[in-house]
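# A structural walkthrough
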Amino acid sequence: MASDLCWIVVLALAAFEGAFAQNPTKVEPAHYKLAFDNESVQVVDVHYGPHEKSGMHDHPGGVVVVINGGHLRFTDQHGAVREVFAKAGESRWFPPFKHKVENLGDTSYDAVYIGIKNKRAESKARPAIPPQPQVDAQIGKILGNILASAGR
């Protein structure tokens, strides 16, 4: 009986955590704008003005490409703090994470976050046909617009 109750509590907590995932485009729309979305990826434009802060939010694992660099402070859900000096043009892989952000600099920070939404899609065999050209064109257009607006 006690073990049944323990499993119910564990399952309820897991469901509770998943139900309250904090999508940055929903909880932080001033900083995160959806640029492209499908069943495999979510492309998000990231913008933090000087000294702006976010609330706690989640990201799927993915790649961030920095457009305009900055000095940022990341605080994870456990309170661990990490400061980063992001440079324009660099890209980094991140596993899924939950954090809040503060731009410590006097200039705006801009980036593109390409989140992998479906791990099963990564592990499936690659299709025999290449990806649809319109998807590649859409992503190219989005990145071209971002770079153009950044003056690059």
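Details of the structure are given in the entry above.
Residues numbered from 1 in each chain as written. Predicted model: local features only at pLDDT ≥ 70, side-chain atom pairs only at ≥ 80, totals over all residues. Heavy atoms only, no water.

### Details of the sheet that holds strand β2 (residues 41-48)
With antiparallel pairing, the five strands of this open sheet are ordered in space as β1-β2-β9-β4-β7. Here the strands that pair on one side only, and so sit at the sheet edges, are β1 (32-37) and β7 (91-94). Here the strands of the sheet are splayed against their neighbours by 20 degrees on average, with no regard to which way each runs. Taken together, the six bridges between strand β4 (residues 62-68) and strand β9 (residues 109-116) define a ladder with antiparallel strand orientation. Its bridge partner being in β9, Val64 is matched across the sheet by Tyr113. (Pairing = 2+ DSSP bridges. Helix = DSSP H or I, 4+ residues; strand = E, 2+ residues; numbered from the N terminus. Axes fitted to C-alpha atoms, helices over the stretch in contact; angles between N-to-C directions.)

### What to know about the sheet that holds strand β6 (residues 81-86)
Read across the open sheet, the four strands follow the order β3-β8-β5-β6; overall the sheet is antiparallel. The open sheet has two edge strands with one neighbour each: β3 (57-59) and β6. Taking the axes of each pair of neighbouring strands and ignoring which way they run, one obtains an average angle of 45 degrees across the sheet. Sheet topology note: the strand β5 (residues 70-76)/β6 ladder contains six bridges and is antiparallel. Within β6, the position partnered with Phe74 by the bridge is Arg82.

### Notes on the pairing of β1
Successive residues of a regular strand alternate their side chains across the two faces of the sheet. Both β1 and β2 contribute to a ladder of five bridges, which runs antiparallel. Note that in β2 the partner of Lys33 across the bridge is Asp45. The antiparallel pairing of β1 with β2 creates a hairpin that spans three residues between the two strands.

### A word on the side chain of His57
Locating His57 in the fold gives a position in strand β3. Classification of His57 as buried rests on a relative accessible area of 0%. A polar contact is formed between the side chain of His57 and the backbone oxygen of Gly55, at a distance of 2.8 Å. A distance of 3.1 Å separates polar atoms of two side chains, one belonging to His57 and the other to His59. Residues contacting His57, with those up to four places away along its chain left out, are Gln22, Pro24, Val27, Glu28, Tyr32, Tyr48, Phe97, Lys98, His99, Lys100 and Val101. (Buried < 20%, exposed > 50% of the residue type's maximum accessible area, 1.4 Å probe, protein only. Polar contact = N/O pair within 3.5 Å; in protein donor to acceptor, adjacent residues only side chain to side chain. Contact = heavy atoms within 4.5 Å.)

### Focus: the layout of surface pockets
Each pocket or cavity is described by its volume, and for the second largest pocket that value is around 420 Å³. Taken together, 25 residues make up the lining of the second largest pocket; nearest its centre are Phe74, Arg82, Phe94, Phe97 and His99. Tallied by class, residues from the lining of the second largest pocket come to 17 nonpolar, three polar and five charged. (1 Å grid on protein atoms, 1.4 Å probe; cavity = no way out; pocket = protein on both sides within 12 Å on 5 of 7 lines; lining within 4 Å. Points joined across faces, edges and corners; volume = space filled by probe spheres on them. Nonpolar A, V, L, I, M, F, W, Y, C, P; charged D, E, K, R; others polar.)

### Looking at unusual backbone geometry
We note that His51 has phi near 65 degrees; this positive angle belongs to a residue other than glycine. Structurally, His51 is set in the loop between β2 and β3. His51 gets classed as partly exposed once you look at its relative accessible area, which sits at 44%.

On their own, these measurements won't tell you what the molecule is for.
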